[in-house]
Amino acid sequence: MLTLECPYCGVMADETELSPGYEAHLKRFGPGASPEEFEAYMFARKNPKGVHFERWRHSYGCGKWFLAARCTATLEVFGTYPAQVSEPPADIIAKIQARRPDWQPDWKATK
Amino acid sequence: MKRYSVFAIAREAVRYHMGWERAWASPEPKPAYDVIIVGAGGHGLATAYYLGKNFGITNVAIIEKGWLGGGNTGRNTTIIRSNYLQDPSAAIYEKSRSLYETLSQDLNYNVMFSPRGVMMLAQTHHEVRGYLRTQHANALQGVATEFITPQRVKELCPILNIDGPRYPVLGALWQARGGTGRHDAVAWGYARACSAMGMHIIQNCEVKGVRSENGAVTGVDTTKGFIGTKKLGMVVAGHSGQLAEMAGFRLPIEAVALQALVSEPIKPCMDVVVMANTVHGYMSQSDKGEMVIGGGTDGFNNYTQRGSFHHIEETLRALVETFPIISRLKMLRQWGGIVDMTGDRSPLISKTPLGNCFINCGWGTGGFKAIPGSGWAMAELMAKGEPGPLAAEFNMWRFKEGRFIDESVAAGVAH
Ligand SMILES: Cc1cc2nc3c(=O)[nH]c(=O)nc-3n(C[C@H](O)[C@H](O)[C@H](O)COP(=O)(O)OP(=O)(O)OC[C@H]3O[C@@H](n4cnc5c(N)ncnc54)[C@H](O)[C@@H]3O)c2cc1C
Ligand SMILES: [Zn+2]
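Residues numbered from 1 in each chain as written. Chains lettered and ligands numbered in written order. Predicted model: local features only at pLDDT ≥ 70, side-chain atom pairs only at ≥ 80, totals over all residues. Heavy atoms only, no water.

Sorry, what's going on with the pairing of strand 4 (residues 118-122) of chain B here?
Within a regular beta strand, the side chains point alternately toward one face of the sheet and then the other, so they alternate between its two faces. Residues and elements named next belong to chain B. The element strand 4 is extensively covered by neighbouring structure, given that five of its five residues are classed as buried. Along strand 4, one buried face is formed by Val118, Met120 and Ala122 and the opposite face, lined by Met119 and Leu121, is buried too. Sheet topology places strand 4 next to strand 6 (residues 171-175); five bridges connect them, and they run antiparallel. Within strand 6, the residue paired with Met120 across the bridge is Leu173. In the sheet, strand 4 pairs with strand 13 (residues 273-276) via four bridges, with the strands oriented parallel. Paired with Met120 across the strands is Met275, a residue of strand 13. (Buried < 20%, exposed > 50% of the residue type's maximum accessible area, 1.4 Å probe, protein only. Helix = DSSP H or I, 4+ residues; strand = E, 2+ residues; numbered from the N terminus. Pairing = 2+ DSSP bridges.)

Looking at this structure, how should I read the coordination of the zinc ion (ligand 2)?
The expected angle between donors at a tetrahedral four-coordinate metal is 109.5 degrees. At an octahedral six-coordinate metal it is 90 or 180 degrees. At 2.0 to 2.3 Å from the zinc ion (ligand 2) lie its protein donor atoms, namely Cys6 of chain A (SG), Cys9 of chain A (SG), His58 of chain A (ND1) and Cys62 of chain A (SG). Taken together, the four donor atoms coordinating the zinc ion (ligand 2) span angles of 103 to 119 degrees at the metal, a pattern that classifies the geometry as tetrahedral. (Donors = N, O, S within 2.8 Å, 3.2 Å for Na, K, Ca; no water. Tetrahedral: all angles 85-135°; square planar, octahedral: opposite > 155°, others 65-115°.)

Sorry if this is basic, but what is going on with the interface of chain B and chain A here?
Reports often express the size of an interface as the amount of accessible area lost when the parts come together. Listed as interface residues are 25 residues of chain B and, on the opposing side, 26 residues of chain A. Around 2300 Å² of area is buried between chain B and chain A when both sides are counted, 54% of it from carbon and sulfur atoms. Scanning the region where chain B abuts chain A turns up two salt bridges. Inspection of the chain B/chain A interface yields 11 residue pairs in polar contact (both at pLDDT 80 or more). At the level of secondary structure, the elements contributing two or more residues to the side of chain B that touches chain A comprise helix 8 (240-247), strand 12 (253-263), strand 15 (291-301) and helix 11 (398-401) of chain B. Of the residues that constitute the side of chain B that touches chain A, the class distribution is 10 nonpolar, 10 polar and five charged. (Contact = heavy atoms within 4.5 Å. Buried area = accessible area lost by both parts, 1.4 Å probe. Salt bridge = Lys/Arg side-chain N within 4 Å of Asp/Glu carboxyl O. Polar contact = N/O pair within 3.5 Å; in protein donor to acceptor, adjacent residues only side chain to side chain. Nonpolar A, V, L, I, M, F, W, Y, C, P; charged D, E, K, R; others polar.)

Teacher, can you tell me more about a nonpolar patch on the surface here?
A cluster of nonpolar side chains, contributed by Tyr4, Ile9 and Trp20 of chain B, occupies part of the molecular surface with about 280 Å² of accessible area. Here Ile9 of chain B shows up in helix 1 (residues 6-13). (Patch = residues over 30% accessible without salt bridge, like charges linked within 9 Å, V, L, I, M, F, W, Y side chains within 5 Å. Areas by Shrake-Rupley, 256 points an atom, 1.4 Å probe, with all protein chains shown as cover.)

What am I meant to see in the sheet that holds strand 16 (residues 331-342) of chain B here?
Two modes of strand pairing occur in sheets, parallel and antiparallel, and in both the strands are linked by backbone hydrogen bonds. Residues and elements named next belong to chain B. Strand order in the open sheet made by the eight strands is 5-6-4-13-14-15-12-16, with mixed pairing throughout. One side of each edge strand has no neighbouring strand; the edge strands of this open sheet are strand 5 (146-148) and strand 16. The mean inter-strand angle of the sheet, taken between neighbouring strand axes irrespective of direction, is 25 degrees. As paired strands, strand 13 and strand 14 (residues 281-285) are joined by three bridges and run antiparallel to one another. Note on strand 14: the bridge partner recorded for Met275 is Tyr282. (Axes fitted to C-alpha atoms, helices over the stretch in contact; angles between N-to-C directions.)

What am I meant to see in the site of ligand 1 here?
Residue and element names in this part refer to chain B. Near ligand 1, the surroundings consist of 38 residues, among which Glu64, Asn72, Thr73, Thr77 and Lys369 are the closest. At a separation of 3.0 Å, an oxygen atom of ligand 1 approaches a polar backbone atom of His43. Between a nitrogen atom of ligand 1 and a main-chain N or O atom of Thr365, the distance comes to 3.1 Å. Relative to its unbound accessible area of 1000 Å², ligand 1 is 98% covered by the protein chains. Listed by contribution, the elements that provide at least two residues to the shell around ligand 1 are helix 2 (42-55), strand 12 and strand 16. (Near = heavy atom within 4 Å.)

Can you help me understand the packing of aromatic side chains in this one?
Aromatic ring pairs are defined here through the distance separating the ring centres and the angle between the ring planes. All names here are of chain B. Applying the stated criterion across every chain, the model contains 16 aromatic pairs over all chains. Measuring from centroid to centroid gives 3.9 Å for Tyr84 and Tyr93, while their planes differ by 5 degrees, and the two rings are stacked. Here Tyr84 and Tyr93 have matching classes, each one buried. On the numbers, 5.9 Å between centres and 50 degrees between planes, the contact of Phe399 with Phe404 is tilted. Residue class for Phe399 comes out buried when judged on its relative accessible area of 3%. Of the aromatic side chains, those joined through ring pairs into one cluster are Tyr49, Tyr50, Tyr190 and Trp376. (Phe/Tyr/Trp six-rings, centres within 6.5 Å; stacked < 30°, edge-to-face > 60°.)

Can you walk me through the packing of helix 2 of chain B against helix 10 (residues 371-384) of chain B in this structure?
Helix packing for two helices is described by the angle between their axes and how far apart those axes are. Residues and elements named next belong to chain B. At a minimum axis separation of 7 Å, helix 2 and helix 10 run at an interaxial angle of 55 degrees. Relative to helix 10, the element helix 2 is oriented oblique. Helix 10 is crossed by helix 2, and the crossing has right-handed handedness. Contacts between helix 2 and helix 10 involve Gly42, His43, Ala46, Thr47, Tyr50, Leu51, Asn54 and Phe55 on the former and, on the latter, Ile371, Pro372, Ser374, Gly375, Trp376, Met378, Ala379, Glu380, Met382, Ala383 and Lys384. (Parallel < 35°, antiparallel > 145°, perpendicular 65-115°, else oblique. Left-handed = near helix turned anticlockwise from the far one by under 90°.)

Is there a simple way to explain helix 8 of chain B in this structure?
Residue pairs three or four apart in sequence face the same way in an α-helix, which turns once every 3.6 residues. All names here are of chain B. Along helix 8, the residues classified as buried are Ser240, Gly241, Leu243, Ala244 and Ala247. What you see down the axis of helix 8 is that its buried residues fit within an arc of 165 degrees, all on one side. In this structure, the buried side of helix 8 is in contact with strand 1 (32-38), strand 9 (207-213), strand 11 (225-234), strand 16 and strand 18 (357-361). Looking one or two places after helix 8, you find Gly248, whose phi comes out positive at around 90 degrees. (Arc of directions from axis to C-beta.)

Mind showing me how you'd approach the packing of helix 2 of chain B against helix 7 (residues 183-196) of chain B here?
All names here are of chain B. Interhelical geometry of helix 2 versus helix 7 gives an angle of 35 degrees and a closest axis separation of 9 Å. The interaxial crossing formed by helix 2 with helix 7 has left-handed handedness. Residues Leu45, Ala46, Ala48, Tyr49 and Tyr50 of helix 2 lie in contact with helix 7, whose contacting residues are Ala187, Tyr190, Ala191, Ala193 and Cys194. Its residues assigned to classes, the contact of helix 2 with helix 7 shows 10 nonpolar, no polar and no charged.

Structural measurements only, silent on function.
See below:
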């Protein structure tokens, strides 16, 4: 079972205590956006085999949304962090690169 | 290819069974093909088969990173039904179900299609209304389904507890010509027929990159080197996001784990398929006597082919309530597959941003039943370059245009 640490209340929460929210750091679009922008926000997904950033909600705990860095190919968890950021913080990047030396952040290129 | 028949068995019986041929050849790749299909699951193999059978295109390679049928095609619970709500879904799933009826004869390979009937229980008033609506939709679509009473449910499946306590059975949507098939045999039967047409099935060969020039694919880089092609079909289910990334576009797809399990074999006790979507579990009995059980998907991206344990617990809890007889059964094996879930829970059979590249994916938790119909529609799309009526609505641009084929509202479980 997946276990993630809630960065707000510090609880190590089992998957059954959490609600998944899929891909993090999506750029939001609303009324007035083009169909392409809206599709990119609502549907087009990175869905990587490897390092991934996700939204999770500590729904049966403090109720807050947070973000997690995980490997979808091994289920390894690199770390969790609060949701009020537009890209992963430097310490999370360092933790990922310590375990995946070849991995490079790519959101600057794609956003 | 020597045909399988009762005479072949008799002939081999007197020859100590020394004359059976390999079912398919394992050639080394040629430098180039007219068509390359990536992924030798049911959908990839069926696409190749109908390219040959319906369009005479046989200079085809099917490239598979593992062994053929080792993906979701060999991991599913084999439910075959076509009682979907939306017209495009009903059309392609019913085409597929009808092709299953004669598939063993067509392929000269016993796929053990068993139209034993599929029963989807209604255990809330909401579900009753939903299934009545589906039944009426099915009547208009020409799909034979009927809404049956709890008494009839009990007659058809005596081991079902219809009295609750939590969710008494209020009725069921019954498709008498739905059922099950032998999943491996479907892959093997198509593979044998493709090989007999001269197509190349190249196993243990992973596609690592897609090369393109001026908006068109020229070939694929694989663990056995570069292989050129005039047309490319991506049919890799859970790995579709990866292939799309190689080709430079994104899909409305998340890859998640779905699990199934089987019990120890017991005497025949159930000759229909039962799906209980409110409590979330479904069950049928295999010819070996095992109870074949499936449940829910994980809620997060996962490529490991193993799911979370709590799903097994939840599924079994639901089924013990529905079928009290199984409470002492031991579970023998459990496994997972990586399913490709789209935003509207309907598949893609589509052109892509690259001119000669086509994609077939997004069958998610319910594409075994669709293998023949999907291959039929995908072959037409690849041969003509334009979709026929079966595939037209399943293009990938529907998400941008808001023309969803929304099956997720129609059923909580989609297997
Ligand atoms: C537990 C479970 C239960 C299910 N139950 C049902 C059910 O009851 N009824 C139903 O209708 N459906 C069911 N399904 C869904 C069904 O199994 C799938 O929709 C269907 O099998 C998909 O077939 P496919 O050919 O598209 O994919 P697959 O069979 O997964 O084939 C894709 C192939 O592509 C290969 N591949 C991937 N990447 C590469 C690469 N880079 N290079 C080369 N090859 C590659 C893979 O190795 C794989 O063999 C279930 C699925 C699961 C996991
Ligand atoms: Zn918390």
